[in-house]
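Each chain, letter by letter, is given below.
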Amino acid sequence: MNERHAVGYGLAAVLLWSTVATAFKITLNYFSPPQMVVIASLVSIIALIIIATYQGTLCHLFSTFHARPWYYLTLGLINPFAYYLVLFKAYDLLPASQAQPLNYSWAITLTLMAALFLHQKIRRQDWIACGLGYLGVVIIATNGDLLALQFDSPLGVGLALFSTLLWALYWIINTKNNADPVLGLLLGFLTSLPFSIGLNFYLGGWQSVPWQGWAAVTYVGLFEMGITFVLWLNALRLTANTARISNLIFISPFISLLLLATIIGEQIAASTIVGLLFIISGLVIQQWRSKSSPSSEVQQP
C-alpha cells in the first residue's frame, strides 16, 4: 500500500512540475521576474503554513529558526530569492522549450558540485553522464549548430545554466538540515520575502494586472514552489525503492514540451528534442550510481 501511495504522490508531483514551464511563460506576460518571485513566494508561504498546521509541526517553526537563523537566511537567499529570480529571467529571455531542458541539467551539475564541496568521488559513469548532459546543453543552446557556437540569447542561456548551480548549491547546503523539510522550506520563503519585497520597491513599475495573471502566478506559487515539493517528499518517504520514484522525473520534460506546443503554441525545434535526449541519457546513466550518493534521491526544480 505504501509503495502504491509513493508512486501516486510521485506521479502527481511529476505531472504538476510538467506544467510549470507553460505557467512561467503565461505569468511572464503579466509580471516581471522580481514581481513573480514576491507573489509566488507569498502563495507558497500560505500553502506551506496550511500544510505545516495540518501536520502539527507549525508550532516548532520559531524554535527551528532560532536554533540556526543564519543557516536558514542563507538557504532563503539562495532559494527562493536568487534561484527564482535567475530562473524566471532565463524564461523571460528564452523560449520555454529551451530554458526548461537547460535547467533540467541541474542534476549533473550537482554531481560535480558534490565532488567539490562534499569530497565525493566522481565515477566513470558520472563523467560519461556529465559529457552527455552538457553536450545536450550545447545542442539546445546553439539550436543544433555546434560548430558556430552562436546563441540566440547568450544571457538567457547563461542564466539558465547559472540556475543549475544555485539549485545544486541549495541542495548541498540542505544536506546539513536535520529539521522538518516543510518547516525548512517555509523558513526559506519567510526569510527571503523581505529581500524580494525590497527589490521590487527599488525597481518599482507595478501595474494593473487582470485576473488571468493573478491566476497564473498563484498556480506557480502552489505547484512549482509549494505543494508539489511536499508531494515529492512524501513519495520519497513512503517508497522502498528511491530509484524507481526518482526515475519518474524523466517523463516530465517531454510532457512539458508537449504542453508548451499545445497550450502556448511554441515551436519545438528538433535540436531541442535531440539535446534533451542527450541530457536524459546522462541522467539515466547517473542513476546507476551507488545508493549512498546524495543525488540518488532526486529533487526536482
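By the naming in an unreviewed UniProt entry, the protein goes by Aromatic amino acid exporter and is assigned to Photobacterium andalusiense.

A.B. asks: Help me get a handle on helix H7 (residues 106-117), residues and values and all.
C.D. replies: With twelve residues, H7 ought to run about 16 Å at 1.5 Å a step, and its terminal C-alpha atoms sit 16 Å apart, in line with that. With nine of twelve residues buried, H7 lies mostly within the body of the structure. Among the residues making up H7, those that are buried are Trp106, Ala107, Ile108, Thr109, Leu110, Thr111, Met113, Ala114 and Ala115. The elements touched by buried residues of H7 are helix H6 (96-103), helix H8 (124-141), helix H9 (154-174) and helix H14 (270-286). Remark: His119 follows H7 within two positions and exhibits a positive phi of approximately 60 degrees.

A.B. asks: Tell me about the pattern of salt bridges, and name the residues and values.
C.D. replies: Across all of its chains, the model carries one salt bridge by this definition. Across the salt bridge formed by Asp92 and Lys89, the nearest N and O atoms sit 3.6 Å from each other. Of this pair, Asp92 and Lys89 both sit in helix H5 (residues 69-93), separated by three residues, roughly a single helical turn.

A.B. asks: Any details on the packing of H7 against H14? Residues and values, ideally.
C.D. replies: Remark: H7 packs on H14, axes separated minimally by 9 Å, with the N-to-C direction vectors making an angle of 45 degrees. As judged from the angle between their axes, H7 and H14 are oblique. Helix-helix and strand crossings are classified by hand; for H7 and H14 the assignment is left-handed. Mapping the contact onto sequence places Ala107, Ile108 and Thr111 in H7 and Ile279, Leu283 and Gln286 in H14. Residue composition of the contact of H7 with H14, by class: four nonpolar, two polar and no charged.

Definitions and limits used
- Residues numbered from 1 in each chain as written.
- Predicted model: local features only at pLDDT ≥ 70, side-chain atom pairs only at ≥ 80, totals over all residues.
- Heavy atoms only, no water.
- Helix = DSSP H or I, 4+ residues; strand = E, 2+ residues; numbered from the N terminus.
- Expected span 1.5 Å × (residues − 1).
- Buried < 20%, exposed > 50% of the residue type's maximum accessible area, 1.4 Å probe, protein only.
- Contact = heavy atoms within 4.5 Å.
- Salt bridge = Lys/Arg side-chain N within 4 Å of Asp/Glu carboxyl O.
- Axes fitted to C-alpha atoms, helices over the stretch in contact; angles between N-to-C directions.
- Parallel < 35°, antiparallel > 145°, perpendicular 65-115°, else oblique.
- Left-handed = near helix turned anticlockwise from the far one by under 90°.
- Nonpolar A, V, L, I, M, F, W, Y, C, P; charged D, E, K, R; others polar.

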